[in-house]
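An overview of the molecular structure
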Amino acid sequence: MNPIYAGISTSVFETMSRLAREHEAVNLGQGFPDDPGPLDVRQKAAEAVVEGWNQYPPMMGIPELRQSIARHYKRFHALDLNWESEVMVTSGATEALAASLLALIEPGDEVVLFQPMYDAYLPLVRRAGGVPRFVTLKPPHWGLDKAQLKAAFGPKTRVVLLNHPLNPSGSVFSRADLDLLARYIVQHDCILVCDEVWEHVLFYNVEYSPTLSVPELRRKTVKIGSAGKIFSLTGWKVGFVCAAPEILRVVAKAHQFLTFTTPPNLQAAVAYGLDKAEDYFTTMRAGFEAAQDRFADGLTKLGFDVIPSQATYFLNVDLAKGPFAGMDDASFSTHLVEKAKVASIPVSAFYAENAVTSVVRFCFAKRFETLDEALRRIKSIC
Ligand code: PMP
Ligand code: GLN
């Protein structure tokens, strides 16, 4: 048995969703929307299942989707991606991450990771033989710190793994942060693997720079996206990778022996969806923004110190101030699911060392009734 996997516990998302079921709780832990997702996209998938091709699609993804991905980023970010040599479809962002890390890390290579980090990152980096070097981000701004970057990079740094926008903090790195990071990446000649699954779930007109649009990073970045987040269809597991041809070629070699391919009917539906008019994206954001406002307002009225979110389905509360001051995040999350029957995620689960232990994440991507019910329940134990 491999000690890396034998030694880690079940993912915090699975654990909290199980507790939510056991306690019949409102589940604001694992991030998934109440909304069933756009009907036309789901209908396209259904049509493709009934009338379309249901055998192995090409290993790199169906051409319609790869072309649609390239068109999408031309439209939104003015990027020129060659769909044949720079775009590949994967089974979710998770597979894209695994393929990228397996392909780009050689045992002993150092990998810069930013805490809080998505739970899959560290086990994948370790299993690929990477040696983690952590940069720790702090609330409420979660920005980059030059001294920490300087300390994390060294002659053995090979890969930098960034999540932008960042889950669980709901923050977006500024262009100045990305320029600073690019300087280190160029200086140490490493590759940036950037998980941008939350790129469309942005609020309050926050300025968002995709990493491929930073000139120094264009040929040094593996950009990862996910239809699960773009269309609020988290169970679909259709992801993709965009990277310069010489990088993509190697990542494709890992992908071919992980999943080889991704359901063709879902690919066809995503190809259609990515061409949707601007108003789909603005309406989606506005809906989640209104949900965030409602939930943040309710929590603030209960005395919680809410850290507003610029992106993702999540907002955080800092327990250091407010009705549960002094309690750590894990104890609070357990107390909340058992006593108030509301599930949340303790943010310390996203750290490997020196964890921030006062922050708790809530998913607000829910109907108003769901959020109001959660607030009523939280109030009952305040
Ligand atoms: N990366 C991040 C930062 C995420 O938040 C998620 C899921 N929410 C994923 C990757 C996984 O994406 P997928 O479901 O497409 O594998
Ligand atoms: N990305 C989701 C979240 O952050 C969870 C995904 C999962 O359950 N693995 O809540």
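Anyway, here's the lowdown on the structure attached to this text. (Residues numbered from 1 in each chain as written. Chains lettered and ligands numbered in written order. Predicted model: local features only at pLDDT ≥ 70, side-chain atom pairs only at ≥ 80, totals over all residues. Heavy atoms only, no water.)

**Let's talk about the packing of aromatic side chains**
A complete count under the given rule lists 19 aromatic pairs for this structure. Grouped by ring-pair contacts, the aromatic residues Phe13, Tyr118, Tyr121 and Phe350 constitute a single cluster. The ring of Trp198 carries the charged tip of Lys229 above its face, separated from the ring centre by 5.1 Å. Above the face of the Phe32 ring, Lys366 is positioned so that its terminal group lies 3.8 Å from the ring centre. (Phe/Tyr/Trp six-rings, centres within 6.5 Å; stacked < 30°, edge-to-face > 60°. Lys NZ or Arg CZ within 6 Å of the ring centre and 35° of its normal.)

**Points about the sheet that holds strand S12 (residues 345-346)**
Reading across the sheet, the four strands line up as S9-S10-S13-S12 and stay open at both edges, with antiparallel pairing between neighbours. A single partner strand is all that each edge strand has here, and the edge strands are strand S9 (305-307) and S12. The pairing of S9 with strand S10 (residues 314-318) spans three bridges and is classified as antiparallel. For Asp305, the partnering residue across the bridge sits in S10 and is Asp318. Of the strands in this sheet, S12 and strand S13 (359-363) touch helix H14 (residues 329-340), which is tilted by about 40° from S13. (Pairing = 2+ DSSP bridges. Helix = DSSP H or I, 4+ residues; strand = E, 2+ residues; numbered from the N terminus. Contact = heavy atoms within 4.5 Å. Axes fitted to C-alpha atoms, helices over the stretch in contact; angles between N-to-C directions.)

**Description of the packing of helix H3 (residues 39-51) against helix H12 (residues 264-273)**
Each pair of packed helices can be described by the angle between their axes along with the distance between the axes. Between H3 and H12, whose axes approach to 8 Å, the crossing angle comes to 145°. Regarding H3 and H12, the two cross each other, and that crossing is right-handed. Contacts from Asp40, Val41, Lys44, Ala45, Ala48 and Val49 in H3 reach Asn265, Leu266, Ala268, Ala269, Tyr272 and Gly273 in H12. Class assignment of the residues belonging to the contact of H3 with H12 gives a composition of eight nonpolar, two polar and two charged. (Left-handed = near helix turned anticlockwise from the far one by under 90°. Nonpolar A, V, L, I, M, F, W, Y, C, P; charged D, E, K, R; others polar.)

**Some details on the environment of Ala103**
Structurally, Ala103 can be placed in helix H6 (residues 92-104). In this view, Ala103 contacts Val250, Val251 and Ala254; residues no more than four positions away in its chain are not counted.

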